[in-house]
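Examining the three-dimensional arrangement
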Amino acid sequence: MKHSQSKLIRTRVNPTSEQEHSSPLFLTSSFTFDNAEDMRAAFADESDANIYSRFSNPNVQEFVDRLCVLENAETGFATASGMSAVFGSFMALLKKGDHLLSCNSIFGSTHTVISKYLPKYGIDFSYVSAQATAAQWEAAITPNTKMIYLETPTNPGLEIVDIKMVSEIARKHNIILNVDNCFATPISQTPIDLGADIVVHSATKWIDGQGRVLGGAIVGKKELIHEIYLFCRSTGPSLSPFNAWILSKSLETLEVRMDRHASNALYIAEKLQGHAKTNFVKYPLLPSHPSFAIAQKQMKNGGGIVCFELKGGIDAGRSFLNHLKMLSLTANLGDTRSIASHPASTTHAKLSEAERQAVSITPGLIRISVGLEHREDILADILQALEAC
Ligand SMILES: *Cc1c(COP(=O)(O)O)cnc(C)c1O
């Protein structure tokens, strides 16, 4: 099979004696052995037999194997949520005295983990802007920098970081590059091909794509993933087999879903551009995006998120949400159903005005997760709410 999409579709757990066509659900906490010798060998890591579902499970392995096909990764480990993937990647690979260099525009809970919890374990951190140049990234590296962490496009500002540029700096200084690829998904960009060592995912978003389950994963270089596996198998953030079964099925349709999410999103962005109630519309593959050239270079599509800024600031943002008739108001993103959110009054309300400005969250910023409804219906709801707000 030449194409990763075919390989992903045809990757599955071995069929049981029933010869079922679709992978069954292995809801079992543990696995049995025929004799003492087989059990000894499994515990001694001399066989890859499943022992206990905190360590491994066939449904979880199928999900990981399929994600590795898409991300072009050597191996991976799946976790109960995106945050346990992020946390596991930090705790397994960093130690007291190490320094983590991160982009400042990152998911809120990741920011909390880095700035509130890592210092408790003696792990130092600093941030650089998503717009930092190669020289600014390099200047922020210290002798004890062990890992560079970034998200691109960023949430919710949709800033674009040049993965190849940062990976060349990381390689030069022998630093691990860890990229959160949740927003783009491997359908649009594959950070490992651009030089990342590991990729973390919240599978809760586009990978599930239907707002049902939480999940996460870390994929990448064998020796790094092995450390993460050892940490996670002892500390317990493992993905449930049921969620893995759902997420593995979801991966089969990720490409067709993301193609539609992205074409709907580009259509909405183009139609909203220049609207009298807005100051700007932001989408990675709009030529007006400040990092359009980088986005074009590293992304196959612009993803499913569109942002725009309302001229009326915070009050207009709240009024816009109140006037929507079809779009959902909810904390999730990456669903079949389109979702609107107003970061300044919700997810980022606890930040100061200056802190919000630093990560491109202006008072009137609206984030739309563009779903799979007909694009004219999505656009019509946004336009009528814009008129009314
Ligand atoms: C949601 C999200 C996470 C956290 O994932 P959970 O599955 O909610 O734990 C991490 N990174 C990004 C970019 C996200 O959007």
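Residues numbered from 1 in each chain as written. Predicted model: local features only at pLDDT ≥ 70, side-chain atom pairs only at ≥ 80, totals over all residues. Heavy atoms only, no water.

Turning to the site of the ligand, a few remarks are in order. Contacts to the ligand come from Ser81, Gly82, Met83, Phe107, Glu151, Asp180, Cys182, Phe183, Ser202, Thr204, Lys205 and Gly215. Within the complex, the protein chains bury 92% of what would otherwise be the 380 Å² of accessible surface of the ligand. When its residues are assigned to classes, the shell around the ligand shows four nonpolar, five polar and three charged. (Near = heavy atom within 4 Å. Areas by Shrake-Rupley, 256 points an atom, 1.4 Å probe, with all protein chains shown as cover. Nonpolar A, V, L, I, M, F, W, Y, C, P; charged D, E, K, R; others polar.)

A separate point is the pattern of salt bridges. One pass over the structure, following the stated rule, counts 15 salt bridges. Between lysine 249 and glutamate 252 there is a salt bridge, with the nearest N and O atoms lying 3.4 Å from each other. One end of the pair, lysine 249, and the other, glutamate 252, are both in helix 10 (residues 241-252), three residues apart, so they sit about a helical turn from each other. One salt bridge connects aspartate 335 with arginine 337, and the closest N-O pair in it is separated by 3.1 Å. (Salt bridge = Lys/Arg side-chain N within 4 Å of Asp/Glu carboxyl O. Helix = DSSP H or I, 4+ residues; strand = E, 2+ residues; numbered from the N terminus.)

In space, the seven strands of this open sheet follow the order 1-7-6-5-4-2-3, with mixed pairing throughout. In this open sheet, the two strands that pair with only one neighbour each are strand 1 (75-79) and strand 3 (124-128). The average undirected angle you get between the axes of adjacent strands in this sheet is 20°. Inspection of the sheet shows strand 1 paired to strand 7 (residues 216-220) by five bridges, in the antiparallel sense. Each residue of the ladder has a partner; that of glycine 76, found in strand 7, is valine 219. Against the sheet, helix 3 (residues 58-71) touches strand 1, strand 6 (198-202) and strand 7, its axis set at about 130° to strand 1. Seen against the sheet, helix 7 (residues 163-172) touches strand 4 (145-151) and strand 5 (176-180) and runs at an angle of roughly 155° to strand 5. (Pairing = 2+ DSSP bridges. Axes fitted to C-alpha atoms, helices over the stretch in contact; angles between N-to-C directions. Contact = heavy atoms within 4.5 Å.)

This part is about unusual backbone geometry. Most peptide bonds take the trans configuration, and most residues that are not glycine carry a negative phi. Of the consecutive residues threonine 152 and proline 153, the connecting peptide bond is found in the cis state with omega at -5°. Mapping proline 153 onto the fold places it in the loop between strand 4 and helix 7. Residues asparagine 155 and proline 156 are joined by a peptide bond in cis, for which omega reads -5°. Relative to the assigned elements, proline 156 resides in the loop between strand 4 and helix 7.

Structural measurements only, silent on function.
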